[in-house]
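Observations on the three-dimensional arrangement
Below are the chains, spelled out letter by letter.
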Amino acid sequence: MSISNITVFMPSVLTLIGIPGLQSVQCWIGIPFCAIYLIAMIGNSMLLIIIKSERSLHEPMYIFVAMLGVTDIALATTIMPKMLGIFWFHVPEIYFESCLLQMWLIHSFQGIESGILMAMALDRYVAICYPLRHRAIFSHQLVAQIGAMITLRAAILVAPCLVLIKCRLQFYHTTIISHCYCEHMAIVKLAAENVQVNKIYGLFVAFSIAIFDITFITLSYIQIFITVFRLPQKEARWKAFNTCIAHICVFLQFYFLAFFSFFTHRFGAHVPPYIHILFSSLYLLVPPFLNPLVYGAKTKQIRIHVVKMLCS
């Protein structure tokens, strides 16, 4: 039997079924997801307004926080409208090209967020280990260059995933994606051809970004802790360490959710599919939801201006 008789050739439309096994209650699942999205949008928008309007916050640390806020808004907005369309309005169809674009945006924004966390760790390393040279090293020009490099790195590394799918994969077993957004492996698994190259490159992108960024973050904090514990006064040690608490919390929750989602997806053969989908969706939505709350609660300068804004 020829492959064309049992497969679909270059489908123009794909179908996202949402959360497999929970389709009957998806309308209720959409309520907390929508609440998380709205809180993330409001929280990150407030952070951006405060950082932009207060000249005292035009420092590298807060500029990176603003970059993180923009990335969080973009990432959440990339997936939530379509997800709510599936949950509430029963509109599961998506054009093939639109699905590839959503996949590229999601994975690019994930790479950008990881890169920003690395840049924030380097900023804290210079600020604590070389405080007198921090302003000279981390100029606004360097911060802008770091932001551009992080964005280009993610966009360029993820782009071949689109090319490999579009050019290599022409025949598909089905057009139904068991997911609520377009994820790389979810699309690749539909193909009726050899997808080994796609899988290998996808793993290469994920591990190259994660290993590079985690290595730099870990080395930065090892040096920070060595420097902090060498300070003679307890108050000075606590003050230096306090500037890192918010970033450590954001870093831990981002990578914990990332690795948990990754390993359950690839090695959790006995885990129900809806658990995979729920955790992979929360992995994309929880960081944008938590990041403004963490920085608002743990960063004194931002907390003061948030209180001022709410009181006024």
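Above this text sits the structure in question.
Remember, predicted model here, so these are calculated numbers, not experimental data.

Topic: a positive patch on the surface
Side chains of Lys239, Lys298, Lys300 and Arg303 sit close together on the surface and give a patch of like positive charge. On the secondary structure map, Lys298 appears in helix 9 (residues 273-298). The exposure class assigned to Lys298 is partly exposed, which follows from its relative accessible area of 43%.

Re empty space enclosed by the protein
Counted under the stated rule, the structure contains three cavities of 30 Å³ or more. One number sums up the size of the largest cavity: a volume of about 700 Å³. What lines the largest cavity is a set of 32 residues, and nearest its centre among them are His107, Gln110, Ala206, Phe262 and Tyr283. Sorting the residues of the lining of the largest cavity by element identifies helix 3 (96-129), helix 5 (140-168), helix 6 (184-188), helix 7 (196-229), helix 8 (234-267) and helix 9 as the ones contributing at least two each. It is helix 8 that provides the largest number of residues to the lining of the largest cavity, a total of eight residues. For the lining of the largest cavity, a count of residues per class yields 19 nonpolar, eleven polar and two charged. By volume, the second largest cavity amounts to about 50 Å³. Considering the residues around the second largest cavity, the lining is formed by Met61, Met120, Asp123, Arg124, Thr243, Ala246, His247 and Tyr295.

Focus: the pattern of salt bridges
Per the counting criterion, the structure on display carries four salt bridges. The salt bridge involving Asp213 is made with Arg153; its shortest N-O contact spans 2.9 Å. Linking Asp213 in helix 7 with Arg153 in helix 5, this pair joins segments that are 60 residues apart in sequence. Classification of Asp213 as buried rests on a relative accessible area of 0%.

Scoring rules and cut-offs
- Residues numbered from 1 in each chain as written.
- Predicted model: local features only at pLDDT ≥ 70, side-chain atom pairs only at ≥ 80, totals over all residues.
- Heavy atoms only, no water.
- Patch = residues over 30% accessible without salt bridge, like charges linked within 9 Å, V, L, I, M, F, W, Y side chains within 5 Å.
- Areas by Shrake-Rupley, 256 points an atom, 1.4 Å probe, with all protein chains shown as cover.
- Salt bridge = Lys/Arg side-chain N within 4 Å of Asp/Glu carboxyl O.
- Lys, Arg positive; Asp, Glu negative; His and termini not counted.
- Charge placed at Lys NZ, Arg CZ, Asp CG, Glu CD.
- Helix = DSSP H or I, 4+ residues; strand = E, 2+ residues; numbered from the N terminus.
- Buried < 20%, exposed > 50% of the residue type's maximum accessible area, 1.4 Å probe, protein only.
- 1 Å grid on protein atoms, 1.4 Å probe; cavity = no way out; pocket = protein on both sides within 12 Å on 5 of 7 lines; lining within 4 Å.
- Points joined across faces, edges and corners; volume = space filled by probe spheres on them.
- Nonpolar A, V, L, I, M, F, W, Y, C, P; charged D, E, K, R; others polar.

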